[in-house]
Every structure is written in C-alpha cells, then in structure tokens.
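So the chains spell out like this:
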Amino acid sequence: MKTDVLLGLQWGDEGKGKVVDVITPAYDIVARFQGGPNAGHSLEFDDIEIVLHTIPSGIFRKNITNIIGNGVVIDPAIIVQEFEKIKKLGVDVNRQLLISKKAHLILPTHRIIDAASEAAKGKTKIGSTLKGIGPTYMDKTGRNGLRAGEILEPDFTERYELLKQKHIEYLKQFSFNYTIYEADFFAGVEALRTYKFVDSEFVINKALADNKKVLAEGAQGTLLDIDFGTYPYVTSSNTVCAGVCTGLGIAPSKIGEVFGIFKAYCTRVGSGPFPTELNDSMGEKLRTTGHEFGATTGRPRRTGWLDLVALKYSVMINGVTQLIMTKADVLDSFENIKIAVKYEVNGVETEDFPSELNSTIKPVYRDFKGWNTSISNISTYSRLPSELKAYIEFIEKEIGVPVKIVSVGPNRNETIIRQ
Ligand code: GDP
Ligand code: IMO
Ligand code: MG
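Residues numbered from 1 in each chain as written. Chains lettered and ligands numbered in written order. Predicted model: local features only at pLDDT ≥ 70, side-chain atom pairs only at ≥ 80, totals over all residues. Heavy atoms only, no water.

Novice: Could you give an account of the coordination of the magnesium ion (ligand 3), naming the residues involved and the relevant values?
Specialist: Within the protein, the atoms that donate to the magnesium ion (ligand 3) are D13 (OD) and G40 (O), at distances of 2.1 to 2.2 Å. Separated by 27 residues along the polypeptide, D13 in the loop between β1 (3–8) and α1 (16–23) and G40 in the loop between β2 (29–32) and β3 (41–45) bring together distant segments of the chain. The class for G40 is buried, based on a relative accessible area of 11%. (Donors = N, O, S within 2.8 Å, 3.2 Å for Na, K, Ca; no water. Helix = DSSP H or I, 4+ residues; strand = E, 2+ residues; numbered from the N terminus. Buried < 20%, exposed > 50% of the residue type's maximum accessible area, 1.4 Å probe, protein only.)

Dropping the structure here:
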C-alpha cells in the first residue's frame, strides 16, 4: 500500500481538519508529519466543535491509529490540554495515539525566543503564532534539540537544563524582559510519560507492508513552506508533500494520492505578501461570512480572491492528484466573484508564481457570476447551482486536476464527494 496525503495549497486554514475527519473512515492510520501547536484544525460533528493543534484529525474515529510523526514539534503543556479535551468526548487517547520518539520538544524558552525575535523584528515581524515553532526547528537543525523520547530518560531534567542555559545565553542579545514559566511544561512532561512513544517509521512502514491504509495530514499550507513559501513570511517546516517522506520516514515511492485542499477564496493570517488581498468591504464580507478568525490565535485573517497562479504552483510542487475545495458556501451571497488567472509584473504578464512577491505585482482577474443561493444543504454535485459548477469546472480545467470533494459547511455532513 501507499500513503495518501492531504495538505493545504494556500496559507493554511483551508479546512484540513474537517476533511481529514470526513475521509478518515477509509484509513487505518492518520499521521501528522510536520508543524506543531501553531496549527489549529477545526472539526464539527454531532453537537461537537473542537480545535486540534498537535493531535491528528482522525482521533474521533474509533479503531483508527493516530500518529504524531518525527517531523512534528510538541509542546507538552499544550498537548496534555488537548488530551484532556478529547478524553471528555470519550476518546481513548492512550489506545489510539502513538507519538514518535524522534519528534522534537518545544521548551518554555523556545516560546520566549520566538517572542523576543519577533519583537526585535519590529515592522518586519513574521506574525508568528508565538508557539516556539521557529526556535524549536532551529535547535533541531542546529543539533541542540530535545526529542520527545528523551522524557523517558532518567537524566531528562539535566538535558533540559543544559538547553535552557543555552537559551538564556542566546536571549542576552535581545533587550527583552521575560519570566520562564516551567510548571505547566513539567506537568505536561509528567503526564506525557504515560502515553505510547514509538519509532513511528517502523509502525507506518510495517502497516503499509500489511496493506493497511495510511493518510498523512498536513499542517499550515504550501505557501507557508520553509523552501517554497513566501519566505521569510513562512513557518519553519516543509509543509509540502516531500515533508511526508522526512516527517514520517516514508519513501517517495510509497506516496499515493495527494489531496490538495483549498478555499474557494484565499486567506492569510500573519504578515507577508498576498497578491489578491481585499482591503475593502468585500474583504470584510469574506471575513465575517467565513468566520475568518484564527483557530489558534483568534487573530482576524486577511482575505482575498482565489489565486490560480499560486494554486497552480502549489499543485506542481506537491504533485496533487485530487483537489478538494472548501467554503464555497461563504460565497453564497456574492453577486460577482473573481479569480486571479495571471499576474502582471512590471507590465509583463506571467502565470508563474514569482520567488519575490512585492507590491508591483498586479493580479489579472476573471469575473464569475455568483449563485446567490444557499448551498449548505446540497449533498450531490449535480444539484449544485450551475454558476458554482462553472466556477469549479473552470478551476479544474485551468489546473488539470479534478475537484473530488466540495465542502459546503463546517460540519462533517456538509460535504459533497463526487463519484
Ligand atoms: P485547517 O487549519 O486547515 O484545519 O482549517 P481551520 O480549522 O483553521 O479553518 C477552517 C475553518 O473553516 C474552521 O472554522 C472550519 O470549521 C471551517 N470550515 C471548514 N470547511 C468549511 C466549509 O466548507 N464551509 C464553511 N462555512 N466553513 C468551513
Ligand atoms: P493550520 O495547520 C495559518 C502562520 C503564522 C505566521 C507564520 C509563521 O491551522 O493551517 P509560526 O507560528 O509557524 O512561526 O508562524 O505562519 N501560520 C499559520 N497560518 N494556519 C496555520 O496552521 C498556521 N501555522 C502558522 O500566522 O504568519
Ligand atoms: Mg487552522
């Protein structure tokens, strides 16, 4: 068997959590391969609304194993709060969750370094979620980090102190006042010790050899990828399909379907370029209708029209084989809808996503007629309004990849799967 992948094609928050929860019953294992508590994946089913940060979104489907892979970074203080939330909803976390010993730990001082470095950047700040993601990946690549499996070692506290001291030294360059809050971290570590730590690359490869089905769940989105995103306004991991190989220990030849998920429009939270951003009443309408406020930080998300130049780029980088479009219902009351089909850069038109996005880029739009009707109760593709079908089929034709799922609301049930 091969591993299927579901990942975001924009700047995150495409609805990955919702759709992973919907398609999980077809899988035996759901695994996160990168990112950490900067992610906020919202799920809605029955009367439950929940946001997951570190735990894979397959956790609410019984008898499915969820894995936190080696590419993920874990904050013990945050993950145990997640455990408590989902246990109350009847999830047997200990039975259903495996954690890679090789995942890295986010220390309280990683969060402080994140805050200090953002403060020092001033106007050029990334707009980080301040969860300590960048500094933790820096320590990983700098070969200083602490891995999750180390909490089981008798000298874990000494190892922790050593890294903390390095951080205290590093922090001296910043004029930044801080207090290190460690109680929640150590309470988290204590609680974490009772969960299952494994070498997850063996678990996954064995499962594939036994013909089990594995789904890798991305966090963030392609345009936030450390290599291919809008650098430096990105996160610190490889959010793209290649990240599945390093973040779970899966060979490239073992990648199967790649589901690329995108919103029917665009959003971005944090700083950085956003060519189709709408800083007007239309943008405000997208934000209020789409409830575009961060699931992790509560910050208002920036909003704009769908950007096909960026989407084509993301599809190329990830080798997307099937598209998933979410939040089409948010456009229900729009008379006219636009899609950027090209950019004009210094008077020259291009369909290639430039490596430097700046204010001289002007999107070239194509207009679409709105459907002006509510679609959230529709459950088959053929019943969708013709204007929406025209919108979807235009995207499919331009990109050359079929849209297999159309999400028409936040709930598990509000999903159209095309046959
Ligand atoms: P993720 O990070 O990709 O999992 O996405 P988030 O959960 O951060 O943000 C997506 C938001 O849109 C959440 O509030 C979801 O409940 C909601 N959502 C997902 N799909 C749809 C949809 O098709 N329609 C509407 N209206 N909301 C959706
Ligand atoms: P999900 O998985 C949207 C953004 C932050 C910031 C930049 C760097 O829910 O789609 P970081 O905390 O990683 O140092 O922040 O990346 N960002 C996200 N934006 N969705 C996310 O995750 C994000 N995770 C990080 O806002 O601009
Ligand atoms: Mg999110």
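Novice: I'd like to hear about the site of ligand 2, residue by residue, with values.
Specialist: Every one of the 20 residues lining ligand 2 counts as a neighbour, but D13, K16, H41, T129 and T235 are closest to it. Separating an oxygen atom of ligand 2 from a backbone N or O atom of D13 is a distance of 2.8 Å. With respect to ligand 2, the side chain of S128 contributes an N or O atom lying 3.2 Å from an oxygen atom. Here ligand 2 has 550 Å² of accessible area as a free molecule, and 97% of this is covered by the chains. Considered class by class, the residues forming the shell around ligand 2 number seven nonpolar, 10 polar and three charged. (Near = heavy atom within 4 Å. Polar contact = N/O pair within 3.5 Å; in protein donor to acceptor, adjacent residues only side chain to side chain. Areas by Shrake-Rupley, 256 points an atom, 1.4 Å probe, with all protein chains shown as cover. Nonpolar A, V, L, I, M, F, W, Y, C, P; charged D, E, K, R; others polar.)

Novice: Outline the site of ligand 1, supporting the account with residue identities and numerical values.
Specialist: Contacts to ligand 1 come from 18 residues, most closely from K16, G40, S42, D329 and S407. Here E14 contributes a backbone N or O atom positioned 3.1 Å from an oxygen atom of ligand 1. G40 places a polar main-chain atom, nitrogen or oxygen, 2.8 Å from an oxygen atom of ligand 1. About the coverage of ligand 1: the protein hides 91% of its 580 Å² of free accessible area. Sorting the residues of the shell around ligand 1 by element identifies α1 and β3 as the ones contributing at least two each. Sort the elements by how many residues they give to the shell around ligand 1 and α1 lands first, with three residues. Here the shell around ligand 1 is built from residues that sort into four nonpolar, seven polar and seven charged.

Novice: Would you mind going over the side chain of S314 in detail, with residue names and values included?
Specialist: Relative to the elements of secondary structure, S314 occurs in helix α11 (residues 308–318). For S314, a relative accessible area of 0% corresponds to the buried category. Those residues in contact with S314 that lie beyond four places of it in its chain are L9, T222, L223 and V320. (Contact = heavy atoms within 4.5 Å.)

Novice: Give me the pairing of β2: which residues, what numbers.
Specialist: The two faces of a sheet get side chains in turn, since along a regular strand they alternate between them. Side chains of β2 alternate between two faces, with I29 and A31 and V30 and R32 buried alike. Pairing between β2 and strand β5 (residues 65–68): four bridges, direction parallel. Bridging from a neighbouring strand, R32 pairs with I68 of β5. The pairing of β2 with strand β10 (residues 214–217) spans four bridges and is classified as parallel. Counterpart to A31 in the pairing with β10 is A216. (Pairing = 2+ DSSP bridges.)

Novice: An account of the pattern of salt bridges is needed here, citing residue identities and associated values.
Specialist: Within the structure shown, the criterion is met by 28 salt bridges. Between E277 and R302 there is a salt bridge; the shortest N-O distance is 2.9 Å. One end of the pair, E277, is in the loop between β12 (266–268) and α10 (281–289); the other, R302, is in strand β13 (residues 302–304), and 25 residues separate them in sequence. Connected via shared salt-bridge partners are D13, K263, E292, R301 and K327. (Salt bridge = Lys/Arg side-chain N within 4 Å of Asp/Glu carboxyl O.)

Novice: Requested: an account of the environment of N358, with residues and values cited.
Specialist: The residue N358 is located in the loop between β17 (348–350) and β18 (361–369) in this model. Of the residues examined, N358 reaches a relative accessible area of 41% and is grouped as partly exposed. For the pair N358 and G272, spaced 86 residues apart in sequence, the C-alpha separation works out to 9.3 Å.

Novice: Mind laying out the packing of aromatic side chains, listing which residues take part and the relevant values?
Specialist: Tallied over the entire structure, the rule returns 13 aromatic pairs. With centroids separated by 5.1 Å and ring planes inclined at 50 degrees, the aromatic side chains of W11 and F274 adopt a geometry described as tilted. Linking W11 in the loop between β1 and α1 with F274 in the loop between β12 and α10, this pair joins segments that are 263 residues apart in sequence. We classify F274 as buried; its relative accessible area is 7%. An angle of 45 degrees between the planes, with centres 6.4 Å apart, marks the rings of Y343 and F353 as tilted. Of this pair, Y343 sits in strand β16 (residues 336–345) while F353 sits in the loop between β17 and β18, placing them 10 residues apart in sequence. With respect to burial, Y343 and F353 carry one shared label: buried. Cluster of aromatic residues (ring-pair linked, three or more members): F368, W371, Y391 and F394. Above the ring of Y27, the side-chain terminus of K213 is found at 4.9 Å from the ring centroid. Here the basic side chain of R412 rests over the ring of F45, its NZ or CZ set 4.1 Å away from the ring centre. (Phe/Tyr/Trp six-rings, centres within 6.5 Å; stacked < 30°, edge-to-face > 60°. Lys NZ or Arg CZ within 6 Å of the ring centre and 35° of its normal.)

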